[in-house]
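Descriptive structure summary
Take a look at the letters that make up each chain.
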Amino acid sequence: MKKSERINQILRFINQKQHFTLQDLMQEFQISKRTALRDIASLEEIGAPIYAEYGRYGGYRLLNQMKLPPIYFNNQEILALYFAMQSLRSFSNLPFQVSYRTIHEKFINVLSEWQKQEIERMQNRVSFQHTVQIKESIYLEILLMAAVQNIVLKITYQNSLRTIHPIAIYVMKGYWYCQAYDMDKTAYRVFRCDRISSAEITSIQPLEELKEITKQNSHSLWKPSENAIKFKWLINQAGIELFQQEHYPSMELIYELENSYIIGTYEPNELGFIIKYLARLGQTVKIIEPTNLKETLRQYYRDILENI
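We now turn to the structure provided with this report. (Residues numbered from 1 in each chain as written. Predicted model: local features only at pLDDT ≥ 70, side-chain atom pairs only at ≥ 80, totals over all residues. Heavy atoms only, no water.)

Re the overall build of the protein chain
Spelled out, the test is: Secondary structure elements are defined from DSSP: runs of H or I of at least 4 residues count as helices, runs of E of at least 2 residues count as strands, and each element is numbered from the N terminus. Partly exposed residues are those whose accessible area sits between 20% and 50% of the maximum for their type, while under 20% is buried and over 50% is exposed, using a 1.4 Å probe and protein chains only. Should any heavy atoms of two residues lie within 4.5 Å, those residues are counted as being in contact. To be clear on the numbers: accessible area is Shrake-Rupley with a 1.4 Å probe, and residue cover counts the displayed protein chains and nothing else.
Looking only at helices and strands, the protein chain has 10 helices and 12 strands in total. Burial statistics for the protein chain: of 308 residues in total, 40% are counted as buried. Taking the intrachain contacts of the protein chain between residues at least 6 apart in sequence as the baseline, contacts between residues at least 24 apart amount to 59%. Accessible area for the protein chain stands at about 19,500 Å²; split by element, carbon and sulfur atoms hold 51% of it.

Okay, here's the thing in structure tokens:
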């Protein structure tokens, strides 16, 4: 990183922290103590109001917040941002109702001719294979903001009224999903966003234990119903890779001795979903239990063969 870029980033860093030490700068920017001291001197030269604090808990303090200069991106950062935006192309819905075309036009308009030519040359050498969004999901923004602000919503889901506390939204295989806690069923559930036909904010207080839940630890909320059916499938390495690409909160990968298994539960009304999931795993998986799932899968393949 060039010194001018590092100084700019350090200025933003200390403007947020107010109090900092040499160790903070050394760790954040991977620089030596000598370089950190030189950078502080450079900041003082450009007028940063920094003063040193001595003693056991000493360090440096910014007297007051500074008006920061605009953010500038180097050429590599501009290219990285541009190609990161390519992932938006396949979505007709995004959480904040913005379109790829609008963002693309604004981004391109501020680039120099040389940068535009560089992007055009790179486009001819890079290919992005997108999963196209299959169905409209018009309530992504309210679902996301409810998750961020701990708001309980009333939704209509497949003609049924539900009270939910959204936790996170994500996209997979062309569909948007919302992880949420169903207040009526007192259970963790995943809702397909395109099946939500209405969503309204309520004044219902969320459960206290849900306020700090994140997508990473939301799996701890998953509780199968009394009628849920347990399963266990032997899986090989190729199947593990498929599982890692697509799996759901009701299933997990475990290792016993030298073998790998997918274990979990499914509700009786989810049988069709489980069969199609097994079919996608193909020969990488072998059903251990429940044994009657084997015959259902066989019938699924027989039905396919009859239509060939």
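Having seen the structure, we can now continue with the description.
Side note on the environment of isoleucine 155
With respect to the helices and strands, the residue isoleucine 155 is situated in strand 4 (residues 153-157). Measuring from C-alpha to C-alpha, the distance between isoleucine 155 and serine 198 comes to 5.3 Å, with 43 residues separating the pair along the chain. Among residues more than four places away in sequence, those in contact with isoleucine 155 are Ser160, Leu161, Arg162, Ile164, Phe191, Ile196, Ser198 and Ala199.

Regarding unusual backbone geometry
In this structure, the amide linkage connecting glutamate 289 to the following residue, proline 290, adopts the cis form with an omega of -5 degrees. Mapped onto the elements, proline 290 comes out in the loop between strand 12 (285-289) and helix 10 (292-306). For glutamine 158, which is not a glycine, the phi torsion comes out positive at approximately 50 degrees. Even without a glycine there, the phi angle at leucine 257 is positive, about 55 degrees. Position of leucine 257 among the secondary structure elements: in the loop between strand 10 (251-256) and strand 11 (259-266).

Quick word on the pattern of salt bridges
Our working definition: By convention in these notes, a salt bridge is any Lys or Arg side-chain nitrogen within 4 Å of a carboxyl oxygen on Asp or Glu.
Evaluated as defined, the whole model comprises 10 salt bridges. A salt bridge links aspartate 182 to arginine 162; its shortest N-O distance comes to 2.9 Å. Of this pair, aspartate 182 sits in strand 6 (residues 175-182) while arginine 162 sits in strand 5 (residues 160-172), placing them 20 residues apart in sequence. Exposure class is identical for aspartate 182 and arginine 162. Each is buried. Residue lysine 232 is joined to glutamate 256 by a salt bridge in which the shortest nitrogen-to-oxygen separation is 3.1 Å. Within this pair, whereas lysine 232 is found in strand 9 (residues 229-235), its partner glutamate 256 is found in strand 10, the two being separated by 24 residues in sequence. By relative accessible area, which is 33% here, glutamate 256 ends up partly exposed.

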